[in-house]
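Observations on the three-dimensional arrangement
The lines below spell out each chain.
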Amino acid sequence: MMNIRDKVEADITTHNKNPYKIVKELLKDSITELGLSDNIYNILKKPMRVLEVSIPIRMDNGELRNFTGYRSQHLDILGPTKGGIRFHPQVNADEVKALSIWMSLKSAILDLPLGGGKGGVIVDPSELSERELEELSRTYIRKITPIIGPQKDIPAPDVNTNPEVMGWMIDEYDKLRGFNVPGMLTGKPVILGGSLGRLEATGRGVVITIREAARVLGMNLSECTASLQGFGNVGSMTAKFLHELGVKVVAVTDANGGIYSKEGLNIPELLEFVQAGNSVVGYPHASPLSNDELFGLPVDIFVPAAIENQITKDTAPYIKAKIVAEAANGPTTPEGDRILEENNVFVIPDILCNAGGVTVSYFEWVQNAMNYYWKEEEVNQKLEERMVTGFENVLKMRNEQNGRMRKAAYMVGISHIVKAFKARGWIKTPDLSRNYLN
Ligand code: NAD
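Given the structure is predicted, the values throughout are model-derived calculations rather than measurements. (Residues numbered from 1 in each chain as written. Predicted model: local features only at pLDDT ≥ 70, side-chain atom pairs only at ≥ 80, totals over all residues. Heavy atoms only, no water.)

**Examining the overall build of the protein chain**
Put simply, the test is: Numbering of helices and strands runs from the N terminus, with a helix taken as a DSSP run of H or I at least four residues long and a strand as a DSSP run of E at least two residues long. In this setup the radius of gyration rests on C-alpha atoms only. A globule is expected at 2.2 Å times the number of residues raised to 0.38. Any pair of residues with heavy atoms lying within 4.5 Å of one another is described as a contacting pair. Charge assignment in this entry is limited to Lys and Arg as positive and Asp and Glu as negative, and neither His nor the chain termini are counted. The atoms used to mark charge sites are NZ of Lys, CZ of Arg, CG of Asp and CD of Glu.
Within the protein chain one finds 16 helices and 12 strands. Taking 22 Å as the expected radius of gyration for a compact globule of 438 residues, we find that the protein chain reaches 21 Å, a close match to that expectation. Its C-alpha atoms give the protein chain principal-axis dimensions of about 65 × 55 × 45 Å. A fraction of 68% describes how many contacts in the protein chain between residues 6 or more apart in sequence connect residues 24 or more apart. For the protein chain, the centre of its 49 positive side-chain charges and the centre of its 54 negative side-chain charges are spaced 7 Å apart.

**What to know about the pattern of salt bridges**
For side chains bearing opposite charge, pairing can occur when the charged atoms are close. Let me state the cut-off plainly: In the sections that follow, a salt bridge refers to a side-chain nitrogen of Lys or Arg positioned within 4 Å of a carboxyl oxygen of Asp or Glu. The buried label applies to any residue whose accessible area, calculated with a 1.4 Å probe on protein chains only, is under 20% of its type's maximum; exposed applies above 50%, and partly exposed to all values in between.
All told, the structure shown has 27 salt bridges when counted by the stated rule. Close ionic contact of Arg211 with Glu212 constitutes a salt bridge, the shortest N to O distance being 2.9 Å. Note on Arg211: relative accessible area 27%, which makes it partly exposed. Using a relative accessible area of 6% as the deciding quantity, one classes Glu212 as buried. We note a salt bridge from Glu400 to Lys396, for which the minimum N-O separation is 3.6 Å. With Glu400 and Lys396 both in helix α14 (residues 376-401) and four residues apart, the pair spans about one turn of that helix. By relative accessible area, Lys396 is classed as exposed at 53%. Residues participating in the shared-partner salt-bridge network are Glu134, Arg138, Arg142, Asp171, Glu172 and Lys175.

**What about the confidence of the model for the protein chain?**
Filter applied, for reference: The predictor's confidence in any single residue is recorded as pLDDT, a number from 0 to 100.
Per-chain confidence: the protein chain averages 94 in pLDDT, with 94% of residues scoring 70 or above. Every residue in residues 1-13 is under pLDDT 50, and counting partners more than four places away or in other chains gives 29 contacts.

**Considerations on the sheet that holds strand β6 (residues 225-229)**
The pairing of strands in a sheet happens through backbone hydrogen bonds and is either parallel or antiparallel. The line we're drawing: What makes two strands pair is DSSP finding at least two bridges between them. Axis definition: a line fitted to C-alpha atoms, limited for helices to the stretch in contact. Angles are taken between N-to-C directions and run from 0 to 180 degrees.
Judged by pairing direction, the sheet is mixed, and its seven strands sit side by side in the order β9-β8-β7-β6-β10-β11-β12 without closing on themselves. Edge strands, defined here as strands with exactly one partner in the open sheet, are β9 (287-289) and β12 (346-348). For this sheet, the mean angle separating the axes of adjacent strands, direction not counted, is 20°. Pairing between β6 and strand β10 (residues 301-304): four bridges, direction parallel. Note on β10: the bridge partner recorded for Ser227 is Phe302.

**Let's talk about the sheet that holds strand β2 (residues 64-75)**
Spatially, β1-β2-β4-β3-β5 is the arrangement adopted by the five strands of the open sheet, whose pairing is mixed. Both edges of this open sheet fall to β1 (49-58) and β5 (153-157), since each of them pairs with a single strand only. Shown here is a sheet whose adjacent strand axes are inclined to one another by a mean of 25°, direction ignored.

**Description of the domain arrangement of the protein chain**
The condition that has to hold: Residue ranges assigned to each domain were obtained from an automatic or database domain assignment. Throughout, the accessible surface (probe 1.4 Å) given up by two parts as they are put together, summed over both, is called the buried area. Identification of polar contacts relies on pairs of N or O atoms within 3.5 Å, with a donor-acceptor requirement for protein atoms, meaning one able to donate a hydrogen and the other able to accept it, and with residues adjacent in sequence counted only if both atoms are side-chain atoms. Think of it as three bins: nonpolar holds Ala, Val, Leu, Ile, Met, Phe, Trp, Tyr, Cys and Pro, charged holds Asp, Glu, Lys and Arg, and polar takes everything else, Gly as well.
Domain boundaries assigned for the protein chain yield domain 1 (14-45 + 405-438), domain 2 (48-195) and domain 3 (200-353). Contact with domain 1, which involves 19 residues of that partner, is made by 15 residues of domain 2. Summed over both sides, the interface of domain 1 with domain 2 buries roughly 1,500 Å², with 78% coming from carbon and sulfur. Contact with domain 2 buries surface across domain 1, with Tyr20, His416 and Ile417 losing the most and accounting together for 34% of the total. Across the contact surface, domain 1 and domain 2 share five residue pairs in polar contact (both at pLDDT 80 or more). Considering every element that reaches the side of domain 1 that touches domain 2, the biggest residue donor is helix α15 (residues 405-423), with nine residues. Of the residues assigned to the side of domain 1 that touches domain 2, the class counts are 14 nonpolar, three polar and two charged.

Structure representation (C-alpha cells):
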C-alpha cells in the first residue's frame, strides 16, 4: 500500500479529495433532501469573505522568506465567525474555505451563537526555530487584524497551533489595539483568560459522542478496543478519556508512524512520554505499527484525529470498527464514506463529533466578555449538555429520514441556519418547500 501522506499530497487537488468540493456536494445533497431551493445552496456554498495574506519573515540564517496565509469567514448571521488557525504544508484556499463551512455547521448543530471561520498558513512548523515560529504567528495576526476581533471573527488553535502560539497572537493583537482584548481568540493560556477545560474539550466531546453511539448500538465500552490516528491535542485527549471509560486503546499513530499493544497501551504513561516532546514512535512499551497497518486492526472504535482524506476507497475496506468517530475535520472522502456505509459502520460525523472544541471556545469567549471565570466542572457540565443534545438532534433526524448520521448532521445544521435566514427576511416562501414550512 502507498504511504498515506504521499497519497494525500498527490491527490489533494483531485475532485475526490478537495475538501471544498466535497463539502459543496454534501451541502447540495442535504439542501435538496430538506426541500430547500438552490438559492439557499448558492449562499451557503460560498464563504462571505476570504483573505489571502503574505507573511515575510527574516529567518535565523538572515534569509527573507515569504509565507502565504489565509482567513476564511463563512457566514456571520448567527454571530461572529469562529474557527482555528492551522500551520501545515498542505494548507490551501479551498481547504480553509471548506473548514470554515464545517465550522458554521458545527456551531449550528450545537446551537452556538456563532458562524464559521478558519485560517491557515502554508508552512511546516517543524522546520522553523521557535523564534521564526513566533515571528510567523505575530505577523500572520497583524496581517489579518483588519477582519478579526471579538465581535467579528475569533480564531483558535488547530493543527500545529497550541496555547503558546495563541499567547503570541493575542499579545500582538493587544499591542496593535493598545489595550487587552482577551475575547479576540480562544484556546489561549488560562493566565491570559483561557477557559479551564478548553485544552481537553475537543477530545472530551469526541468521547461523549462515542459513549452515546455505543449506547445506541448496545456496546459495553469497558469491553471495547480502540485505535487512533493522530496523537496531538485531539487524539491524545480522546485516548485519555476513552482509557478513563475503560476502553482498551491498542494502537495510536502520529505523522512519524505508530505503536500497537494487544494488551492495551498505558495511556497515562504514553501521554507523559509525548508531552515531554517525543513522537509516539519512540514509546518503548509497544510494537511498531505503520499508519497503513492501523486501518486493518480489529478494533471496535476507530478515531481518525489527524488530517483530511484518510478514510478513502483504498483504506476504508480494511476498517473493521463498528464505530468511526471523526475527531479530525474531513477525514473521510465520499468514496470512503460509501464503503463505510456498505459495511454498516456507525459514523459519528466530524461536524458533530469534534464540536466540543468550538463549544468550549464559545464558553471561553463568554467568560472573557463577562470577565468572570467558571470552575472546570461547570465548563465540563455545560459541554456535556450541549454535546448530548447535539447528538440526540442528529440521531432523531437520522431516524426520521431513515438515513445516515452525516447527512442528518448536515440537515440539522442547515435547518438551523435557514431559520436565521428566514428570521432576517433574507428568504421568502418560494425558497422554502411546504415540507420545510411544516
Ligand atoms: P495537532 O497538531 O495537535 O495534532 C495532529 C496530530 O496528527 C499529530 O499527532 C500529528 O503528528 C498527526 N498527523 C499529522 N499528519 C498525519 C498523518 N498523515 N498520519 C498520521 N498522523 C498524522 O492537531 P489537533 O488540534 O489535534 O487537530 C487534529 C484534527 O482535529 C484536525 O483535523 C483538526 O482540524 C481537528 N480539530 C481540532 C480541534 C482542536 O480543538 N484542536 C477542534 C476540532 C477539530
